[in-house]
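Survey of secondary and tertiary structure
Each chain is listed here by its residues.
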Amino acid sequence: GGALQTIATTATTSLSELRDGLDAIETSDAPLERSRIAAIGRRVGVDVAVRASTPLPAGPAAALAFRVVREAIVNIARHAPGASAQIHLGLVDRALSVEILDDGGSAATLAVGSGTGLSGIAEAVASAGGSLVWGPRSEGGFRVAAEIPEPCR
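Here goes a summary of the coordinates provided. As the structure is a prediction and not an experimental result, all values here were calculated from the model.

**Some thoughts on the sheet that holds strand 4 (residues 131-136)**
Strand order in this open sheet of five strands is 1-2-3-5-4, and the pairing throughout is mixed. At either end of the open sheet lies a strand with only one pairing partner, and these are strand 1 (47-52) and strand 4. For this sheet, the mean inter-axis angle between neighbouring strands, taken without regard to orientation, is 10°. Across the sheet, helix 2 (residues 34-44) touches strand 1 and strand 2 (84-92), and the angle it forms with strand 1 is around 160°. Against the sheet, helix 3 (residues 60-79) makes contact with strand 1, strand 2, strand 3 (95-102), strand 4 and strand 5 (142-149), and its axis sits at roughly 10° relative to strand 3, the strand it touches most.

This is the structure:
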C-alpha cells in the first residue's frame, strides 16, 4: 500500500501545484502576454500559437479574457489530447476579442464535455456585457470565441 499512497500523494500535490501555478499566472499584471499563455499550454501538453493584432490592455477585461483562454486550453488537453491550438487576440470596437481554435488532435472521437467550466465563465463574460460562444468546427476540432467590452465593469 505504501507505493500507491506515494503515487496518490504525488498526484494530489501535482494538481494543487498546477492550480497554484495557473492562479499565479492569472493574477499577473499582463495576463494576456504570449509567454504566459504558452506556459499554460506547456503545462497541460497543448501546443499553443498566440497571435495578437495589437498591444492588449491589462485590467479586468484582460483577466476575464485570460480565464476564457485558460479554460479553453485545459478543455483541449482533456478532450483532444495531442491537439494544437491557435489563439487570436485583438480589439474590435473597444471590445477585447478572443478566439481559440484547436485542430481536434490525434483522437478520432469527438469528446464533448459538460461545458460547465465554459458555462460558468460565459456568465461572468455576460455580466461584463460581453459574449462567449463555443462549439465544434466543421473542419474538425473546436472553437471558443469571446468578446469582452473594455473597460469591463
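**A look at the nonpolar core**
Ranked by internal contacts, the top residues of the largest apolar core, which has 34 residues, are Ile37, Ile87, Ile100 and Leu132. Those elements that provide at least two residues to this core are helix 2, strand 1, helix 3, strand 2, strand 3, helix 4 (116-127) and strand 5. It is helix 3 that contributes the most residues to this core, ten residues altogether.

**Notes on helix 2**
A turn of α-helix holds 3.6 residues, and therefore any two residues three or four places apart point the same way. All of the buried residues along helix 2 are Ile37, Ala39, Ile40 and Gly41. Gly45 occupies a position one or two residues after helix 2 and carries a positive phi of about 80°.

**Notes on the pattern of salt bridges**
As enumerated under the stated definition, the model contains three salt bridges in all. For Glu33, the salt bridge identified is with Arg36, shortest N-O distance 3.8 Å. According to the relative accessible area criterion, Glu33 is partly exposed, its value standing at 35%. Note on Arg36: relative accessible area 26%, which makes it partly exposed. A salt bridge links Arg137 to Glu139; its shortest N-O distance comes to 2.8 Å.

**Some points on the side chain of Glu150**
Relative to the elements of secondary structure, Glu150 occurs in the segment after strand 5. The side chain of Glu150 sits in the buried core without any salt bridge; Arg94 is the nearest counter-charge, 6.8 Å away.

Here is what the cut-offs are and how they apply
Residues numbered from 1 in each chain as written. Predicted model: local features only at pLDDT ≥ 70, side-chain atom pairs only at ≥ 80, totals over all residues. Heavy atoms only, no water. Pairing = 2+ DSSP bridges. Helix = DSSP H or I, 4+ residues; strand = E, 2+ residues; numbered from the N terminus. Axes fitted to C-alpha atoms, helices over the stretch in contact; angles between N-to-C directions. Contact = heavy atoms within 4.5 Å. Core = buried A, V, L, I, M, F, W, Y, C linked by side-chain atoms within 4.5 Å. Buried < 20%, exposed > 50% of the residue type's maximum accessible area, 1.4 Å probe, protein only. Salt bridge = Lys/Arg side-chain N within 4 Å of Asp/Glu carboxyl O. Lys, Arg positive; Asp, Glu negative; His and termini not counted.

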